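A closer look at the structure
Each chain is listed here by its residues.
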Amino acid sequence: MVATRVLDALRAGLCGRRLIVAAEGQTGVWLVGGAVRDILLGREPRELDVAVEGDVEALARRLGDVDALHERFGTATVSAGDCRYDVARTRSEHYPVPGALPDVRPAPLAEDLRRRDVTVNAIAVSLSDGGVEAVPGALEDLHGRVLRVLHDRSFEDDPTRVWRIARYAVRLGFAVEPATARLAAHARPGAVSGERFGHELRLSLGEDDPCAIFERLRELQPMALPEGFDPRPDGVAEALSLLPDDGRRDLVVLAACCARMSLDLLQRWLDHLQFPAADRDLVLAASRWVTGAPLRAANTPSQIGRAASGAPVEAVALAGGPNARRWLDELRHVRLEITGDDLLAAGMPQGPPIGAGLRRALDAKLDGRAAGRAEELAVALGER
Ligand code: CTP
């Protein structure tokens, strides 16, 4: 029943059919992890996770373009058109230091399943013969919509699993089994590198409801997020509704959550998490805009322009309110027909007066007092 559902779902899709064809003639090829879980829940898997008792590279090359091949872990990421595959040699893991990356060695599937994070991710279906293997209780937990770690050291081995469980709980609507929640409360997030922690944060920001994930995470592990981080700040829904298509949804959410953190702490935290400098600076800037005071106080289009121009769209969206909407939808697109060269040609000296003249002309245009080139030029030159 389980195998039939999974294999039928694979056959029904292009990516699944491609996998079945690539696996023909090779034994020990299993669909596993999130892909099996999602298919059995009636959800579209995000990518197909494949475990191989044998030659990973041969299967990966038959499947499509090998984007990355990690000899140390025996893993390959493969793409073929819109299809994404994670192919991995079945392995056991040993964590020499809590929170560090594990030592791995090839092992049979049963051992590979036992090293995983939660029972519902430890179900495998054979592409060779339709066999099913799972850790004890996995199918029952899937049916009961429960997240349960496989052993008591799970969070010690890998504290990022607290993040994963918070993400699954929110995305799938699953409950965290009480003993698992107790173990999560004792996890030591500090044992994980900033880079891995940052990766988990970025994955959460890419989900449908990151704030619900942060709330769940904080319930599970109060130390996982820094002091002052507000998992569910006011105004996020409005900011996201205001955000134009060229804005970054993930950074708006993060900036809103970080509005009450001191700038210094926030900068150190984002650097620790290895945020790219441009993203970090945007979050720093936008996080200070949540009150939106100067923008909200503006009474005319030119005042709105002066309050908002130069700010990233994410910051303006966070300020919220009708002035933010007007800037984002309409006023930020207003452009002068004249340039500084026109002012120079008209005899204005090089230097700050040029910028001030252009600013005057833009104010007038925004307020409807200058239409067309000639009027813009006259305002910029101080003739009207
Ligand atoms: N896994 C694990 N512990 C981790 C990371 C991964 O046990 N810290 C295992 C899980 O069995 C997981 C599988 O590796 O299902 C694949 O990892 P990943 O693609 O991150 O998990 P998915 O469940 O497929 O994630 P998503 O649904 O978010 O794509």
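To start, this report covers the structure provided alongside it. From a predicted model like this one, the values you see are computed outputs, not experimental measurements.

1. Describing unusual backbone geometry
Positive phi, close to 55°, is recorded for Arg145, a residue that is not glycine. The topology assignment puts Arg145 in the loop between helix H6 (138-144) and strand S10 (146-147). For Arg145, a relative accessible area of 39% puts it in the partly exposed group. Unusually for a residue other than glycine, Gln274 sits at a positive phi of about 60°. Mapped onto the secondary structure, Gln274 falls in the loop between helix H14 (263-272) and helix H15 (277-287). In this structure Gln274 comes out as partly exposed when scored by relative accessible area, which is 47%.

2. Things to note about the site of the ligand
Of all residues adjacent to the ligand, which total 14 residues, the nearest are Arg37, Asp117, Asp158, Tyr168 and Arg171. Within the contact set of the ligand, an oxygen atom lies 2.6 Å away from a backbone nitrogen or oxygen of Asp117. Arg161 is positioned with one of its side-chain polar atoms (N or O) 3.5 Å from a nitrogen atom of the ligand. If the ligand stood free it would expose 570 Å²; the protein chains cover 80% of that surface. Counting residues per element, the ones that place at least two in the shell around the ligand are helix H3 (34-40) and helix H8 (161-172). Of the residues assigned to the shell around the ligand, the class counts are 1 nonpolar, 3 polar and 10 charged.

3. Topic: the pattern of salt bridges
Applying the stated criterion across every chain yields a total of 35 salt bridges. As a salt-bridge pair, Arg11 and Asp8 come within 3.1 Å of each other at their nearest N and O atoms. Placement of the pair is Arg11 and Asp8 together in helix H1 (residues 2-11), with a separation of 3 residues, close to one helical turn. Accessibility expressed as a relative area gives 45% for Arg11, which makes it partly exposed. Assessed through its relative accessible area of 41%, Asp8 is described here as partly exposed. Between Asp264 and Arg268 there is a salt bridge whose closest N-O contact spans 3.1 Å. In this pair, Asp264 and Arg268 both sit in helix H14, 4 residues apart, roughly one turn of the helix. What emerges from the salt-bridge pattern is a single network uniting Arg46, Arg167, Arg171, Glu200 and Glu207.

So, how was this worked out
Residues numbered from 1 in each chain as written. Predicted model: local features only at pLDDT ≥ 70, side-chain atom pairs only at ≥ 80, totals over all residues. Heavy atoms only, no water. Helix = DSSP H or I, 4+ residues; strand = E, 2+ residues; numbered from the N terminus. Buried < 20%, exposed > 50% of the residue type's maximum accessible area, 1.4 Å probe, protein only. Near = heavy atom within 4 Å. Polar contact = N/O pair within 3.5 Å; in protein donor to acceptor, adjacent residues only side chain to side chain. Areas by Shrake-Rupley, 256 points an atom, 1.4 Å probe, with all protein chains shown as cover. Nonpolar A, V, L, I, M, F, W, Y, C, P; charged D, E, K, R; others polar. Salt bridge = Lys/Arg side-chain N within 4 Å of Asp/Glu carboxyl O.

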